[in-house]
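Chain residues, written in single-letter form:
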Amino acid sequence: MTSDATQLTPAQNADSPARPARAALVTGASTGIGEATARALAAEGWRIYAVARRAERLERLAAETGAVALPADITEDDDVADLVREVEAAGGIDTLVNIAGGARGTDWVADANTDDWEWMLRVNVIGTMKVTRAFLPMLRTHGHGTVLNLTSVAGLVSYEGGGGYNAAKFAEHGMTRALRLEEAEHNVRVIEVMPGLVKTEEFSLRRLGGDAEAAEKVYRGVEEPLTAEDVADVIRYAVTVPHHVNLDDIVIRPVAQAAAHKLIRRG
């Protein structure tokens, strides 16, 4: 497949002829960091294929940014195959941004909810694997492909009540590192962004079963937690630097979160 999403080189400048736009598929684009990333890249002139299960939210994003809305469940093989066909027919991508994921529950391992654990492993790990596996041939053919996986500091340090989410994010972290080793010979760079405390519309609300008060308590007293836009800006930078530059592992936290065990709350 020949993609028109050509990687820009430092030699190209404002006086160069018109250049094809970069193109990315962004999963988890209906909300939070995924939506913010789709908006940030679209604002830079990228062609964006926005993927999530909620079609109505994707259509709104498409209307506001020019992104292509592709409703899909990344854990379903047929949906992923349809994504590849639609993106390939439209010209392909040079960048895959895997953001879809999430957490459910805060049970200790002794009280683990099997359904929650299976959901976290399926979405964070298996879904990311399926989309990556499906698009790697396209990224290899392009010649300057990029895969960026959004994981979490929960994939670096465990904590009580986080066993299921830790397990999923440790697995995704390990998968990302293996992928980097495997794809270097194909000139596919692999980037991992690991946020700490990010205040988004839905993450804690979903994790805590829709309990708005409990979700708000997660951020209470924390001066300036990260926002989805903060993380999206880091992602935008990481995928737009010259292709020979690989920002392997990026940890991003608010200043108030000096470490996993040290979070400053005031008031």
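Residues numbered from 1 in each chain as written. Predicted model: local features only at pLDDT ≥ 70, side-chain atom pairs only at ≥ 80, totals over all residues. Heavy atoms only, no water.

Caption draft 1: Quick look at unusual backbone geometry. Phi angles above zero are rare outside glycine, and asparagine 187 is one such case at about 60 degrees. Within the element layout of this structure, asparagine 187 appears in the loop between helix 5 (163-183) and strand 6 (189-195). Although it is not a glycine, glutamate 224 adopts a positive phi angle of roughly 55 degrees. Within the secondary structure layout, glutamate 224 lies in the loop between helix 7 (212-217) and strand 8 (226-227). (Helix = DSSP H or I, 4+ residues; strand = E, 2+ residues; numbered from the N terminus.)

Caption draft 2: Geometry of the pairing of strand 2 (residues 47-52). In terms of burial, strand 2 is a largely internal element, 5 of the 6 residues being buried. Here strand 1 (residues 23-27) pairs with strand 2 via 5 bridges, running parallel. Bridge assignment links threonine 27 to a residue of strand 2, and that residue is valine 51. Handedness of the β-α-β unit built from strand 1, helix 1 (residues 32-43) and strand 2 comes out right-handed. One ladder, built from 4 bridges, connects strand 2 with strand 3 (residues 68-71); its direction is parallel. Its bridge partner lying in strand 3, alanine 50 is registered against alanine 69. Viewed along the sheet, the connection from strand 2 through helix 2 (residues 55-65) into strand 3 turns out right-handed. (Buried < 20%, exposed > 50% of the residue type's maximum accessible area, 1.4 Å probe, protein only. Pairing = 2+ DSSP bridges. Right-handed = clockwise from strand over helix to strand, strands pointing away.)

Caption draft 3: Region of interest: the packing of helix 3 (residues 77-89) against helix 4 (residues 114-142). Relative to each other, helix 3 and helix 4 sit at 30 degrees, their axes nearing to 10 Å. It follows that helix 3 is roughly parallel to helix 4 by the angle criterion. Crossing of helix 3 over helix 4 shows right-handed handedness. Of the residues in helix 4, those touching helix 3 at Asp77, Val80, Leu83, Val84, Val87 and Glu88 are Lys130, Val131, Arg133, Ala134, Phe135 and Met138. For the contact of helix 3 with helix 4, the per-class residue count stands at 8 nonpolar, no polar and 4 charged. (Axes fitted to C-alpha atoms, helices over the stretch in contact; angles between N-to-C directions. Parallel < 35°, antiparallel > 145°, perpendicular 65-115°, else oblique. Left-handed = near helix turned anticlockwise from the far one by under 90°. Contact = heavy atoms within 4.5 Å. Nonpolar A, V, L, I, M, F, W, Y, C, P; charged D, E, K, R; others polar.)

Caption draft 4: Representation of the packing of helix 4 against helix 5. Running from N to C, helix 4 and helix 5 cross one another at 15 degrees; their axes reach a closest spacing of 8 Å. With respect to their mutual orientation, helix 4 and helix 5 come out roughly parallel. Where helix 4 crosses over helix 5, the two elements pack in a sense that is right-handed. Contacts between helix 4 and helix 5 involve Trp117, Met120, Leu121, Asn124, Val125, Thr128, Met129, Thr132, Leu136 and Arg140 from the former and Gly163, Gly164, Tyr165, Ala167, Ala168, Lys169, Ala171, Glu172, Met175, Leu179 and Glu183 from the latter. Partitioning the contact of helix 4 with helix 5 into residue classes produces 12 nonpolar, 5 polar and 4 charged.

Caption draft 5: Main features of a nonpolar patch on the surface. The grouping of Leu156, Val157 and Val251 at the surface amounts to a nonpolar patch, some 210 Å² of accessible area in total. Examined against the element boundaries, valine 251 turns out to sit in strand 9 (residues 249-252). (Patch = residues over 30% accessible without salt bridge, like charges linked within 9 Å, V, L, I, M, F, W, Y side chains within 5 Å. Areas by Shrake-Rupley, 256 points an atom, 1.4 Å probe, with all protein chains shown as cover. Salt bridge = Lys/Arg side-chain N within 4 Å of Asp/Glu carboxyl O.)

Caption draft 6: Up close: the sheet that holds strand 2. Strand order in the open sheet made by the 7 strands is 3-2-1-4-5-6-9, with parallel pairing throughout. Two strands in the sheet have a free side with no partner beyond their single neighbour: strand 3 and strand 9. Adjacent strand axes in the sheet meet at a mean angle of 15 degrees when their direction is disregarded. In this sheet, strand 6 lies alongside strand 5 (residues 146-150) in parallel orientation, the contact comprising 5 bridges. Residue leucine 148 lies in a different strand from strand 6, and its bridge partner there is isoleucine 191. Sheet contacts for helix 1: strand 1, strand 2, strand 4 (95-98) and strand 5; angle to strand 1, the most-contacted strand, approximately 165 degrees. In this fold helix 8 (residues 228-240) packs onto strand 4, strand 5, strand 6 and strand 9, with an angle of close to 165 degrees to the strand it touches most, strand 6.

Caption draft 7: Broad picture of the environment of alanine 42. For alanine 42, the location among the structural elements is in helix 1. The class of alanine 42 is buried, set by a relative accessible area of 18%.

These values are about where atoms sit, not about what they do.
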